[in-house]
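Reading the structure
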Amino acid sequence: QVQLVQSGGGLVQTGGSLRLSCAASGRTFSMYNMGWFRQAPGWGREFVAAISWNGDSTDYSDSVKGRFTISRDNGKSTVYLQMNSLKPADTAVYYCAADWAGDTTETTPRNEMQYDYWGQGTQVTVSS
């Protein structure tokens, strides 16, 4: 079992920045690929970014590439999402997720079905 607790988020103006954190407890954090997803009202959950278990590989959706950065600190069992140049279209509930790296060769999965554990979600609102 892995427990994921998110922090960060809130209200920011267009062009502003926020950093989301996701702290893991339970099984060894370094054995999990990590991802961030978001869900806007009336929409399904959307892939945002992913990072491999060792931090060597990252992947981003086209909508956030160049503005968001995913990183991890395995010593602190935490994954981060730095969000810069925020737009109103980034408004959503953001979720972190953990994917057991031992049963897959895909280290930065975009498919939410591949993830085993989820954080509680945190609201990000970008005002125009």
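The paragraphs below set out a description of the structure included in this document. These numbers come from a predicted model, not from an experiment.

Within the chain, S77 stands out as a residue other than glycine whose phi angle is a positive 55°. Mapped onto the secondary structure, S77 falls in the loop between strand 7 (68-73) and strand 8 (78-83). Of note, S85 is a non-glycine position whose phi angle comes to about 50°, a positive value. Note on S85: relative accessible area 40%, which makes it partly exposed.

Before going further, it helps to examine the side chain of D99. By the secondary structure assignment, D99 is in strand 9 (residues 92-100). Buried and unpaired, D99 has no salt bridge, with R72 as the nearest side chain of opposite charge at 8.9 Å.

Here we take up the state of the cysteines. According to the stated counting rule, one finds one disulfide in the structure shown. The disulfide partner of C22 is C96, and the S-S distance across this bridge is 2.0 Å. Sign of the S-S torsion, about 60° for the bond between C22 and C96, identifies this disulfide as right-handed. On the criterion of sequence distance, the pair formed by C22 in strand 3 (residues 18-26) and C96 in strand 9 is long-range, its members being 74 residues apart. Given the relative accessible area of 0%, C96 is considered buried.

In spatial order, the strands read 1-3-8-7; together these four strands make up an open sheet with antiparallel pairing. In this open sheet, the two edge strands, each paired with only one partner strand, are strand 1 (2-7) and strand 7. This sheet shows a mean twist of 15° between the axes of neighbouring strands, independent of strand direction. Here six bridges tie strand 7 to strand 8, and the two strands are oriented antiparallel to one another. Residue pairing across strands places R72 opposite V79, the latter belonging to strand 8.

Thresholds applied
Residues numbered from 1 in each chain as written. Predicted model: local features only at pLDDT ≥ 70, side-chain atom pairs only at ≥ 80, totals over all residues. Heavy atoms only, no water. Helix = DSSP H or I, 4+ residues; strand = E, 2+ residues; numbered from the N terminus. Buried < 20%, exposed > 50% of the residue type's maximum accessible area, 1.4 Å probe, protein only. Lys, Arg positive; Asp, Glu negative; His and termini not counted. Salt bridge = Lys/Arg side-chain N within 4 Å of Asp/Glu carboxyl O. Disulfide = S-S within 2.5 Å. Pairing = 2+ DSSP bridges. Axes fitted to C-alpha atoms, helices over the stretch in contact; angles between N-to-C directions.

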